[in-house]
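# Geometric and topological summary
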Amino acid sequence: MSDYRSIGDQDIERVAADCRAAWGLGQGPISDVLLAMENAGVVAVKEATGTVTMDGLSNWSDEDQRPYVLIAQDKDTCVRSRMDAAHELGHLVLHRHISSQELNSKSDFKEIERQAFLFASAFLMPSESFPSEVWSPSLNTFLALKERWRVSIAAMIMRCSKLDMIGDEYQQRLWKHYNSRGWRRDEPLDDVLVPEEPRLLNRSIRLVIDEGVVTHSDLLAQIALRGSDVESLCGLPRGFLSGEQAEVIKLPTLKKDLPIDGGGAAIVQFPKKH
């Protein structure tokens, strides 16, 4: 869309539903958001950024006209990662043609971010299906639904408010109890649900190397990045491209004529630490 100011909230709800339909995702919970995005052609990366103030980045490449997404791994919980991925998808779908000047404007940027968050919420919790499972908009209900929908309890509260399932006064009560339970810092199941990982780049690199299309060194020369950086960005094992290996600890070797204990086992004396 050429002008974000012409996008209404109902447009965003419709676009999120259209995206689900185009990708054949149905109306239920999305089992793997990153996989759905990769299957649609998005190149996704998860990487630690060294800061907790950035959740992700997205961009349409002028070189190959392909969408790219980076999801920050610094606050890597499953529900946070899924929402961040869907948020960046919202930018790709809604804001492809936004100028850099608009991104530099504080008021413009705030509205652009709000629209991307609304898209993410509608994409993960469709208005046609999610409300029917909220039998009672309480914290206990949201907790019971968290494992199935794989979204945060906080996101469910905001989604119910957006869909007019709860009023402002009741929403404030929910937030009060939410904070009193200490969920602002960590929600239940955050340490249980496994974060999603990108697959496309990892499998692509392994394929071209395993099939002999390129060698490790040729690939690194074409990418023009350090091997360790490529491994990190693509989720490859350490040393796959860089040649770095884990530290090997040399154990003492057995010597001839070692003393034998009563049970017939050789007694090996390890060097003393000084």
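Positions within a chain are numbered from 1, following the residues in the order the chain's sequence is written. Predicted model: local features are reported for residues with pLDDT of at least 70 only, side-chain atom pairs are reported and counted for 80 or more only, and whole-chain, interface and lining totals are derived from all residues. Side-chain measures here rest on the full set of heavy atoms in the structure, leaving out hydrogens and waters.

## Some points on the pattern of salt bridges
The following threshold applies: Whenever Lys or Arg places a side-chain nitrogen within 4 Å of a carboxyl oxygen from Asp or Glu, that contact is recorded as a salt bridge. Only runs of H or I of at least four residues qualify as helices and only runs of E of at least two qualify as strands under DSSP, and these elements are numbered from the N terminus. Residue burial is assigned from relative accessible area. The probe radius is 1.4 Å, only protein chains are included, and a residue is buried under 20% of its type maximum, exposed over 50%, and partly exposed in between.
Using the criterion set out here, one finds 14 salt bridges in the structure. Here Arg114 and Glu111 are joined by a salt bridge, their closest N and O atoms 3.0 Å apart. Taken together, the residues Arg114 and Glu111, both in helix H5 (residues 106-124) and three residues apart, mark about one turn of the helix. Arg114 sits in the partly exposed class, given a relative accessible area of 34%. In this structure, Asp190 engages Lys146 in a salt bridge whose closest nitrogen and oxygen atoms are separated by 2.8 Å. One end of the pair, Asp190, is in the loop between helix H9 (168-180) and helix H10 (200-210); the other, Lys146, is in helix H7 (residues 139-149), with 44 residues separating them in the sequence.

## Some points on the nonpolar core
Grouped burial of nonpolar side chains is what soluble globular proteins tend to show. What counts here: By nonpolar core is meant a set of buried Ala, Val, Leu, Ile, Met, Phe, Trp, Tyr and Cys residues that side-chain atoms within 4.5 Å join together. By definition in these notes, contact holds between two residues if any of their heavy atoms fall within 4.5 Å.
Counting 48 residues, the largest nonpolar core has Phe119, Phe123, Leu124 and Ile157 as the members making the most contacts within it. Elements represented by at least two residues in this core include exactly helix H1 (9-22), helix H2 (33-39), strand E3 (67-72), helix H3 (78-94), H5, H7, helix H8 (153-162) and H9. When near neighbours in sequence (up to four residues on either side) are disregarded, Phe123 contacts Ala16, Cys19, Arg20, Trp23, Leu25, Ile30, Ala86 and Leu89. Counting residues in each nonpolar core, the second largest holds 10 residues, with Ile205, Ile209, Val214 and Leu241 among its members.

## Regarding unusual backbone geometry
Phi at Arg150 takes a positive value of approximately 55°, unusual for a residue other than glycine. Tracing the backbone through its elements, the reader meets Arg150 in the loop between H7 and H8. Of note, the phi angle at Leu189 is positive, near 80°, even though the residue is not glycine. If you trace the backbone, Leu189 turns up in the loop between H9 and H10.

## Side note on H1
Because an α-helix completes one turn every 3.6 residues, residues spaced three or four positions apart along the sequence face the same direction. Put simply, the rule reads: In this analysis, the expected span of each helix is defined as 1.5 Å times one less than the number of residues it contains. Taken from the helix axis, the directions to the C-beta atoms give the arc we talk about.
The terminal C-alpha atoms of H1, which comprises 14 residues, lie 20 Å apart, in line with the 20 Å expected from a rise of 1.5 Å per residue. Residues Ile12, Glu13, Val15, Ala16, Cys19 and Arg20 constitute the buried set of H1. One side of H1 carries all its buried residues, which in axial view fall inside an arc of 165°. Projecting away from the buried face of H1 at angles above 90 degrees are the exposed residues Gln10, Ala21 and Ala22. Looking at the buried positions of H1, the neighbouring elements they touch are H3, H5 and H8. Residue Gly24 follows H1 closely and has a positive phi angle near 65°.

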